[in-house]
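A look at the structure
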4 protein chains.
Amino acid sequence: MFSFRNDYNVLCHENIIKALINANGKQLDCYGLDEYSKEASERIKDIFDCKNSEVHFLCGGTQTNMVMISYMLRDYEAVLACSSGHINIHETGSVEGSGHKIYTCKGRDGKVTPQDIRDALIVNCNEHTVKIKMVYISNSTEIGTIYSYQELKELSEECKKNNLYLFIDGARLGAALTSKYNDVKREDIAKIADAFYIGGTKNGLMIGEALVIVNKELHGFFRHEMKNKGAMIAKGYLLGIEFNEIFKDDLYFKLASHTNEMAYYLKDELRKINIDVNDSPTNQLFAFFERKKALDLIDKFGLELWTDLDDKIEVRFVTSFKTEKEDVDVLINYLKNY
Amino acid sequence: MFSFRNDYNVLCHENIIKALINANGKQLDCYGLDEYSKEASERIKDIFDCKNSEVHFLCGGTQTNMVMISYMLRDYEAVLACSSGHINIHETGSVEGSGHKIYTCKGRDGKVTPQDIRDALIVNCNEHTVKIKMVYISNSTEIGTIYSYQELKELSEECKKNNLYLFIDGARLGAALTSKYNDVKREDIAKIADAFYIGGTKNGLMIGEALVIVNKELHGFFRHEMKNKGAMIAKGYLLGIEFNEIFKDDLYFKLASHTNEMAYYLKDELRKINIDVNDSPTNQLFAFFERKKALDLIDKFGLELWTDLDDKIEVRFVTSFKTEKEDVDVLINYLKNY
Amino acid sequence: MFSFRNDYNVLCHENIIKALINANGKQLDCYGLDEYSKEASERIKDIFDCKNSEVHFLCGGTQTNMVMISYMLRDYEAVLACSSGHINIHETGSVEGSGHKIYTCKGRDGKVTPQDIRDALIVNCNEHTVKIKMVYISNSTEIGTIYSYQELKELSEECKKNNLYLFIDGARLGAALTSKYNDVKREDIAKIADAFYIGGTKNGLMIGEALVIVNKELHGFFRHEMKNKGAMIAKGYLLGIEFNEIFKDDLYFKLASHTNEMAYYLKDELRKINIDVNDSPTNQLFAFFERKKALDLIDKFGLELWTDLDDKIEVRFVTSFKTEKEDVDVLINYLKNY
Amino acid sequence: MFSFRNDYNVLCHENIIKALINANGKQLDCYGLDEYSKEASERIKDIFDCKNSEVHFLCGGTQTNMVMISYMLRDYEAVLACSSGHINIHETGSVEGSGHKIYTCKGRDGKVTPQDIRDALIVNCNEHTVKIKMVYISNSTEIGTIYSYQELKELSEECKKNNLYLFIDGARLGAALTSKYNDVKREDIAKIADAFYIGGTKNGLMIGEALVIVNKELHGFFRHEMKNKGAMIAKGYLLGIEFNEIFKDDLYFKLASHTNEMAYYLKDELRKINIDVNDSPTNQLFAFFERKKALDLIDKFGLELWTDLDDKIEVRFVTSFKTEKEDVDVLINYLKNY
């Protein structure tokens, strides 16, 4: 049975394998200094309109978050994030492990607001508190929501006003930018954020995330930081080959768009059979079912249990680049006949 | 021109790609909990005769060293290593970044001796010094030498006597174990070390190192440590697929053996033309050339400059799973005609 | 004008100075290995009925919390604390700086409950979350409340059941134990907590906190940890002399008791003039005043502004070992004539 | 018997106690923001001719070194120090505990040379090595030697040329500056170093070191760093009172000068009885004795065993502000009659 558990349970898009085959056998420069990595960087800088940025390739999202946040902060500085932020709840204290507090705010719909920033700065105002120096947001968020252009612009302005860095965790940036509800352009991102990463793992790559460092203050030593945190691989060209491929012919965005389309289709079909699913703009859907039904669904379709209220359970449905209408139909049929 | 710079400048052995193709499309459990990873673990535990060990797959050598060393140590504990140890000189302070001192000894031929341990313990004996709690060795070492069984046994006994963990960095464990000068059996390793890792990156894999935790005191929470250090990837099955493949039909050792054979051939050919190369048991060779010749060689064959004594320069030749006799012959001809 | 800002703005009780004078001139063993420190340790172990504990003297509360918490935890482990906990809000990310997440709960009246522990363990249950390994509580709490014996006992049982350490920040342990609302005996503490510290700074000492490590699992290497964190002073006997003195003739508890008495007197007097002060069991009182009056009070009596609601402001009154009835009367008269 | 073990085994100079008595009873601002601390800072800035510096007071040498070094460095940056440097051998990995490598050089007579710096920068030159960002020296050094003005000037120039910070551990700065062999003026220090600390513990204070941050790049957030590392005490005025007193009427330098005079007297007397003591410019003397005699001396006079060569042992004699000629005479008589 097709699993709707997450968007990273299939190795990769076939083009990625082809690109690896084409590159195999060649002797390449190591540690990310090869031609593929350079070409991939250029593609990314073109697409996101940020010619003067640095691009680095890392192996995973938790790693990218931790290494970049630690790179940005001094010992006594902290990052502001939503309490639902990935760094706060699903990274085993990785940011704290690197020595930095995550100061959390409630946020709204999984998103940090300018008011959250102002509130955090009022509380953290002297040497007995951390110094908030950066804001971490995810787009799309951990609950599938996305930021509007206006929201990002206001956050960015609030950050600049307070001399804070703005960092975007783009594990699912593709899903955000290709959402039909989205009004943020690709070329807006680098104007808004000091740094952001473009998720590969959750959008058809075998491994890898591309970190874009826009702010020049932060240029120059990220490779040292990567190595210091065990995040620089000898065969860095593996990541270069992959990202070079996925940014050819808009493949990255095509996959993300397909992923979203499958989510919308699933949402529509669920609603047709009167299941009260949330109005997600991206590829994560949430719905409550009575206990037994939820557990059966989890068992059959590998869903993630999201909230357990005893009598009813909220489950998460995730679509991916591999999801097809037929897979959705099987799920819907199962529900119809339950 | 074929480069003798290192053993990781070619993506991977073709079987690895084939294995990826075979696995692609399937929905797999994530974070290293998939069937491939389990099968690979079993193969490794069989080959190294350590049924009760834990096996974990990580993305690189620096990462594996840092995460495992930090996992083994309390805040005030330190690791003893040769001053030439990889963790001491080529990992950008990664171990210290995780909070631990590397206490260095001179060693002999790149190897730690029982006397080094005893000396370190005499000096580090109270609360004003670190507490030495583990010994880090590499086999083969950073200069291509290998430990004899007797040397390893004595080290292990000295460690046990002093309640120290012994950890083997096996970035080039394949080269060590397949060396014609080697007398250590595969099944000896887990009897000698509390933990060791089997390098994939330098022996034909695309990415990945396999860490084996033998000592049961250290079982149970390494996955937490991995995640905490950003070392757990979502698509952990990528590493499982690779290691499962490379340990089929002894491929891992065949590649390492071929690598060594090419080094011996190169050594013989260099000696035939009166070049004074060291008597390396594995795939790293070192030789001095007068300055201009050395720089020309570095330029043509991508060698690494090892020592610069102004008038003469020591260069390093490294063979790999991709090196063929013809590649060596080209180098030798170049030298003959220089 | 006498300041009610805090309980540490006067150097020390006169007996402390006398003890320093008596000890001055003698050559003493350093780093806390002197006779005074030993004698002080014995007094503490007698008073708190914990013969087999280790006692260590440190220089401040933040330091004691950070060093002990870091000592207790592995890289991936975290401490559970109230969101109002001192370590969470007023220590500049010190615990996180040592590499550990503070997982916060709401608590009730500044106190952690067994339910908070159970809830935290449900959420933090696998390798993608931290492993909760200890519970941090303060007694008296940051808002002046105290734990009942029953509350402590239940917390302790919940901790033991889940293999968690229980650590008590006793910056104001004297105030807690001498409160007229208190039912916890001195000899209960070491039966309940795995470790606790007895605050000197906030109860008449010049400098110093006494850490008691009850749980034998945690014995043996705390001196290494202290030195590693810069918390071991050469003239450790300074702290030994002080603690030896303050635990003579029950002075420690007499001072704490006096501090509480002054708070009760202040509370009564405030209520007589119809000021709605909280019913604090210890030496921290909180009351709201309309804005201008609050600011005037802050200015005259050095109070700490606690909460600013624009129209009204909550201020904190703290009494100390130096507070006398006359000081309270001046404040009350000021308020009467305002 | 008077112990020559170290220069911190007596509580403090009597003036310090008097100053504490005078200040006791007053309500003071906390956390180092009091009038005494300000006055002490001004005295220090006057004496060392560094009006625009920041002065901070901390509790110990290891703490001051660790907090300042960590404050100066980013994650991937390291400090260069002599292998005999206090931070490298007697601080339980404190600097590494804060996440930074100590890159060691051999030095000459316990002193770092410009050539050491150049050598370190050649080796540490890319992202696979740490980035050397500061140089740590001690004056006087761990073996009692001192830097000449010319040596300091050249070090400072080499640092500036390479954009490195120069930090002086002045645990025994008094002894260095009052040595009869010294040609460094008080007002030279702040022109040479980016930061330095003035040791109190080893020169008559009860507790405390005064850190002077000269370089403006490093101003502004050291108080955050102190708190983050548990190094800010609530009753900061304790340190202010002490330093304010010791810098009155040149007391600090008088004590250091006396200490040196006693060392010279001891050196002369030892030589008169044909004991081959080193020609130390400050208050640490070293001499070899045959084994039994050395052990007897250690036993009687509390000396520190420095080097054990089996047949003979090197011991250390340290004089302090409390040493008197009579104390030396007793030792000499003992030796004469041995």
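Please refer to the structure placed before this passage.
A brief look at the structure comes next.

Residues and elements named next belong to chain D. Taken in spatial order, the seven strands line up as S1-S7-S6-S5-S4-S2-S3 in an open sheet, and their pairing is mixed. Strands with a single pairing partner mark the edges of an open sheet, and in this sheet they are strand S1 (54-58) and strand S3 (102-105). If you compare each strand with its neighbour and ignore which way they point, the axes differ by 25 degrees on average. In the sheet, strand S4 (residues 131-138) pairs with strand S5 (residues 165-169) via five bridges, with the strands oriented parallel. Its bridge partner lying in S5, Ile137 is registered against Ile168.

What follows deals with the environment of Lys248 of chain A. Residues and elements named next belong to chain A. Of note, Lys248 is situated in the loop between helix H11 (237-246) and helix H12 (251-272). Taking relative accessible area as the criterion, Lys248 reaches 30% and is therefore assigned partly exposed. Taking the C-alpha atoms as reference points, Lys248 and Ala195, separated by 53 residues in sequence, lie 23 Å from one another.

For the rest of this paragraph, the subject is the interface of chain D and chain A. Opposite the 22 residues of chain D that make contact, chain A presents 22 residues. Where chain D abuts chain A, roughly 2000 Å² becomes buried across the two surfaces, and 52% of that area is made up of carbon and sulfur atoms. The tally of links between chain D and chain A comes to four salt bridges. A salt bridge links Lys229 of chain A to Asp75 of chain D, with the shortest nitrogen-to-oxygen separation between them at 3.1 Å. On the surface where chain D and chain A come into contact, there are 12 residue pairs in polar contact (both at pLDDT 80 or more). Of all elements in the fold, only helix H3 (61-72) and helix H10 (222-228) of chain D reach the threshold of two or more residues within the side of chain D that touches chain A. Ranked by residues supplied to the side of chain D that touches chain A, first place goes to H10 of chain D with five residues. Here the side of chain D that touches chain A is built from residues that sort into eight nonpolar, six polar and eight charged.

Further remarks concern the sheet that holds strand S10 (residues 312-318) of chain C. Residues and elements named next belong to chain C. Spatial strand order, S8-S10-S9: three strands in an open sheet with antiparallel pairing. Every other strand in the sheet has two partners, leaving strand S8 (284-290) and strand S9 (304-308) as the edge strands with one partner each. In this sheet, adjacent strand axes meet at a mean angle of 30 degrees when their direction is disregarded. Where S9 and S10 come together, four bridges link them in antiparallel fashion. Across the sheet, the residue bridging to Asp308 is Ile313, located in S10.

Of the transformation superimposing chain A on chain B, the axial component is 0.0 Å and the angular component is 180 degrees, with the fit at an RMSD of 0.0 Å. Read as a symmetry element, the transformation amounts to a two-fold axis. Both copies contact each other with a shared surface, as 100% of the interface residues of chain A are interface residues in chain B too.

With that settled, the discussion passes to the interface of chain A and chain B. At the junction of the two partners, chain A supplies 47 residues and chain B supplies 47 residues. Between chain A and chain B the total buried area reaches about 3900 Å² when both faces are included, carbon and sulfur atoms providing 58% of it. When the area that chain A buries against chain B is broken down by residue, the three leading residues are Leu11, Gln27 and Lys235 of chain A, summing to 18%. On inspection of chain A and its partner chain B, the count reaches zero salt bridges. Inspection of the region where chain A meets chain B yields 31 residue pairs in polar contact (both at pLDDT 80 or more). Ranked by residues supplied to the side of chain A that touches chain B, first place goes to helix H1 (residues 14-23) of chain A with four residues. Looking at the side of chain A that touches chain B, its residues break down into 21 nonpolar, 19 polar and seven charged.

Our next topic: the relation of the copies chain D and chain A. Of the transformation placing chain D onto chain A, the axial shift is 0.0 Å and the rotation is 180 degrees, giving an RMSD of 0.0 Å. Same-surface contact between copies: 100% of interface residues of chain D are shared with the interface of chain A.

Quick notes on the rules
Residues numbered from 1 in each chain as written. Chains lettered and ligands numbered in written order. Predicted model: local features only at pLDDT ≥ 70, side-chain atom pairs only at ≥ 80, totals over all residues. Heavy atoms only, no water. Pairing = 2+ DSSP bridges. Helix = DSSP H or I, 4+ residues; strand = E, 2+ residues; numbered from the N terminus. Axes fitted to C-alpha atoms, helices over the stretch in contact; angles between N-to-C directions. Buried < 20%, exposed > 50% of the residue type's maximum accessible area, 1.4 Å probe, protein only. Contact = heavy atoms within 4.5 Å. Buried area = accessible area lost by both parts, 1.4 Å probe. Salt bridge = Lys/Arg side-chain N within 4 Å of Asp/Glu carboxyl O. Polar contact = N/O pair within 3.5 Å; in protein donor to acceptor, adjacent residues only side chain to side chain. Nonpolar A, V, L, I, M, F, W, Y, C, P; charged D, E, K, R; others polar. Least-squares fit on C-alpha atoms with pLDDT ≥ 70 in both.

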